[in-house]
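Okay, here's what each chain looks like letter by letter:
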Amino acid sequence: MSSTTADYIVVGGGLAGCVIASRLSQSEKKPSVILVEAGPDPSGKPNTDTILNGLSLLGGELDHAFQSAPVPTTANRQHFLPAGKVLGGGSILNFGGWLRADVADYDAWGEAVGDRSWSYEGLKPWLDKVESHLGAATISSDPNRIYPLRNAVKTAWDELGSQPAEEAKGSISGIVEVKENTQNGLRQPSYAAYPLERVTVMTNTVVHRVNFSGKQATGILLVDGREITAQKEVIITAGAYRTPQVLLLSGIGPPDVLSSHGIPVVQPSLGVGKNLFDHFAIYLAFRLRDPSKGYALGSSAFNNPSFFKGLPYDWAVSEQLPAEKLDKVESGGAFHNRNLYEVLVVYVPPGIPGIPVDGTHIATSTMLLLPTSRGTVTIKSTDPNDQPEIQPNYLATELDREVIAHAARRTLDALLGTEALKPIVEGETPPSGEGLEGLKPLTVDVSDSDLHERILKTGMQHHHSGGTAAMGSVVDVDGKVKGVERLRVADGSVLPVPLGGHPQATLYAVAEKLADAILEQL
Ligand SMILES: Cc1cc2nc3c(=O)[nH]c(=O)nc-3n(C[C@H](O)[C@H](O)[C@H](O)COP(=O)(O)OP(=O)(O)OC[C@H]3O[C@@H](n4cnc5c(N)ncnc54)[C@H](O)[C@@H]3O)c2cc1C
């Protein structure tokens with residue numbers, strides 16, 4: 001790397017950063033682009049090839065492996081927060097699930113920022129574009145990848161009255177087939193799907209901060225002291241935990257935070273690091289009556305090679321809460337007709353403490369889609385290599401606690417109370433290990449207090465953080481950081497509100513849309 005100047009500098013070569021850098025570099029005017037990534041190039045690194053192998057990357061050298069502050073509302077537990085530290089970012093660690101948010105979620109975004117281009121109608125062309133670019137497809141579109149429990153799980157949800165979602169109308173309400181971002185069973189990272197041959201990529205390089213001349217961003221300072229000049233713009237795509245850190249270290253944020261660390265204020269911005277949200281979830285393991293049938297990964301009879309092309313599951317069920325239940329809870333009235341939680345039935349129980357992956361168990365993921373709790377990200381020090389201070393504040397609102405409890409009961413009904421799954425599933429097996437002693441198995445008539453205890457002691461996030469440099473507050477509708485010039489944010493941090501589905505579909509679309517906005521000004 002010899003250039004110390006480029007038209008555009010992209011800070012963070014993760015999911016969104018690679019899309020932005022690629023699109024800018026390939027535009028007609030061929031601007032010069034430097035992409036700076038804290039982690040390494042994963043080419044040739046073990047276990048970066050498939051989704052299932054990728055499970056072993058969590059907590060390793062390609063993971064920032066953030067740790068939250070103790071969360072009072074989850075029994076003071078510190079939560080493990082994985083995030084890719086590698087070219088491709090989350091697209092190297094993630095589970096590949098490709099699920100759009102609901103039409104109402106995107107419309108709420110458009111309304112929150114007063115711009116219809118961020119509503120469903122405005123985002124749909126970008127979602128369509130990334131889906132055809134990446135070729136995201138349903139799991140069963142591979143005729144060999146028909147999991148043995150596919151029909152039984154669908155029938156269980158049918159029994160509970162779940163209807164197919166009207167996906168053509170943008171709805172996720174009901175049951176949908178999960179899509180996946182893979183190609184022939186291989187992970188499709190952002191840096192491969194969006195070519196970087198015209199981009200100068202600097203890996204293993206941490207950005208310290210953005211440099212300014214007055215209110216104008218002029219380039220970046222690296223941790224090793226080198227500086228790079230941007231002729232046009234700096235675009236920050238360092239992810240929902242590190243983007244606010246880079247902004248704060250650059251002098252953009254709440255003045256009291258900046259002054260307490262001796263950082264000169266470039267631009268007061270109260271929203272930096274506020275508004276953190278994630279899809280809080282509870283994972284449950286269900287014991288199979290006859291493991292020899294080969295229903296779950298780990299069984300010797302679960303041996304079709306196509307079953308290992310991705311996470312083994314089929315369906316995502318997104319549901320609303322009955323209006324009378326919502327109306328009893330503070331702020332619940334605002335969420336009539338919104339899909340507030342999602343349930344996945346997965347034919348493997350990965351990472352549930354004490355539950356073996358030996359074909360004896362399947363699992364469920366039950367997650368809040370539109371949490372109303374908000375957390376914070378701030379800095380512990382002025383050292384860019386330090387982890388930021390993350391307080392996720394999960395389950396801080398009554399509504400979130402009500403929704404997750406309702407959703408967990410619904411999950412138990414599907415797995416333990418339906419004619420389709422009763423002959424297959426014997427019961428729920430509680431996780432075990434330190435701090436989990438004495439948990440009782442959950443049943444369809446579990447008491448409120450036992451259910452609450454389980455959620456408190458075992459609930460965790462779903463790796464879907466966002467909101468920490470929110471559109472409308474920190475950035476405008478084109479991702480431009482308010483109050484300064486030539487600086488944008490273009491990653492998961494800009495989401496102003498939580499969205500249903502899983503984030504990657506939306507974030508690829510956001511990156512495409514914001515790259516287009518940048519190019520309009522080239
Ligand atoms: C374990 C896991 C499973 C997931 N599963 C799914 C799933 O199945 N479906 C789905 O839709 N989503 C999933 N996600 C979420 C999805 O991958 C993320 O939402 C997405 O990657 C966020 O994109 P981003 O561009 O905002 O940030 P990231 O992809 O995290 O990229 C940020 C990049 O910036 C780099 N960086 C940070 N600070 C600096 C710095 N100072 N200098 C230089 N570089 C820096 C980081 O190293 C990283 O590469 C999962 C995430 C994880 C972690």
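Please read all numbers here as calculations on a predicted model, not as lab measurements. (Residues numbered from 1 in each chain as written. Predicted model: local features only at pLDDT ≥ 70, side-chain atom pairs only at ≥ 80, totals over all residues. Heavy atoms only, no water.)

*Asks:* A description of the overall build of the protein chain should follow, citing residues and the corresponding values.
*Replies:* Secondary structure summary: the protein chain contains 13 helices and 25 strands in total. Relative to the 2.2 N^0.38 estimate, which gives 24 Å for 522 residues, the radius of gyration of the protein chain is 22 Å and therefore close to what a compact globule would have. Oriented by its inertia axes, the alpha-carbon framework of the protein chain measures out at about 70 × 45 × 45 Å. The proportion of buried residues among the 522 residues of the protein chain is 59%. A separation threshold of at least 6 residues defines the contact pool for the protein chain, and within that pool the share at least 24 residues apart is 74%. Summing over all exposed atoms, the protein chain offers an accessible surface of approximately 19,100 Å²; the carbon and sulfur share of this is 49%. One finds the centroid of the 44 positive side-chain charges in the protein chain at a distance of 3 Å from the centroid of its 59 negative side-chain charges. (Helix = DSSP H or I, 4+ residues; strand = E, 2+ residues; numbered from the N terminus. Rg over C-alpha atoms; globule rule 2.2 N^0.38 Å. Buried < 20%, exposed > 50% of the residue type's maximum accessible area, 1.4 Å probe, protein only. Contact = heavy atoms within 4.5 Å. Areas by Shrake-Rupley, 256 points an atom, 1.4 Å probe, with all protein chains shown as cover. Lys, Arg positive; Asp, Glu negative; His and termini not counted. Charge placed at Lys NZ, Arg CZ, Asp CG, Glu CD.)

*Asks:* Report on the nonpolar core, specifying residues and quantitative values.
*Replies:* Residues Ile20, Trp109, Ile220, Val234, Leu247 and Leu487 are the most contacted members of the largest nonpolar core, which totals 86 residues. Among the elements that take part in this core, helix H13 (residues 503–520) stands out by supplying nine residues, more than any other. When residues no more than four places from it in sequence are discounted, the contact partners of Trp109 are Trp118, Leu123, Met471, Leu495, Pro496, Val497, Leu499, Thr506 and Val510. (Core = buried A, V, L, I, M, F, W, Y, C linked by side-chain atoms within 4.5 Å.)

*Asks:* Describe the domain arrangement of the protein chain, and please don't skip the residues or the numbers.
*Replies:* Here the protein chain is partitioned into domain 1 (1–136 + 181–279 + 373–393 + 464–522) and domain 2 (142–179 + 280–368 + 395–458). Computed over C-alpha atoms only, the centres of domain 1 and domain 2 are separated by 30 Å. If you look at the interface, domain 1 gives 34 residues, while domain 2 gives 34 residues. Interface of domain 1 and domain 2: buried area, both sides summed, is about 2,400 Å²; carbon and sulfur atoms make up 57% of it. Looking only at domain 1, the three residues that lose the most surface to domain 2 are Leu52, His279 and Ser373, adding up to 23% of its buried area. At the boundary of domain 1 and domain 2, one finds one salt bridge. The salt bridge involving Asp105 is made with Arg338; its shortest N-O contact spans 2.9 Å. (Domains from an automatic or database assignment. Buried area = accessible area lost by both parts, 1.4 Å probe. Salt bridge = Lys/Arg side-chain N within 4 Å of Asp/Glu carboxyl O.)

*Asks:* Run through the site of the ligand, naming residues and quoting values.
*Replies:* Neighbouring the ligand are 36 residues; Glu37, His64, Gly90, Gly97 and Gln504 lie closest to it. One nitrogen or oxygen atom from the main chain of Gly84 is found 3.3 Å from an oxygen atom belonging to the ligand. Taking Pro503, its main chain carries an N or O atom lying 3.3 Å from an oxygen atom of the ligand. If the ligand stood free it would expose 1,000 Å²; the protein chains cover 96% of that surface. Counting residues per element, the ones that place at least two in the shell around the ligand are helix H1 (15–25), helix H3 (90–93), helix H8 (239–249) and H13. When the residues that make up the shell around the ligand are grouped by side-chain class, the tally is 15 nonpolar, 17 polar and four charged. (Near = heavy atom within 4 Å. Polar contact = N/O pair within 3.5 Å; in protein donor to acceptor, adjacent residues only side chain to side chain. Nonpolar A, V, L, I, M, F, W, Y, C, P; charged D, E, K, R; others polar.)

*Asks:* Which residues make up the sheet that holds strand E8 (residues 179–180), and what values go with them?
*Replies:* Taken together, the three strands give an open sheet; going across it, the order is E5-E8-E6, and neighbouring strands pair in antiparallel fashion. Looking at the sheet topology across the chains shown, the edges are occupied by strand E5 (97–98) and strand E6 (137–138). (Pairing = 2+ DSSP bridges.)

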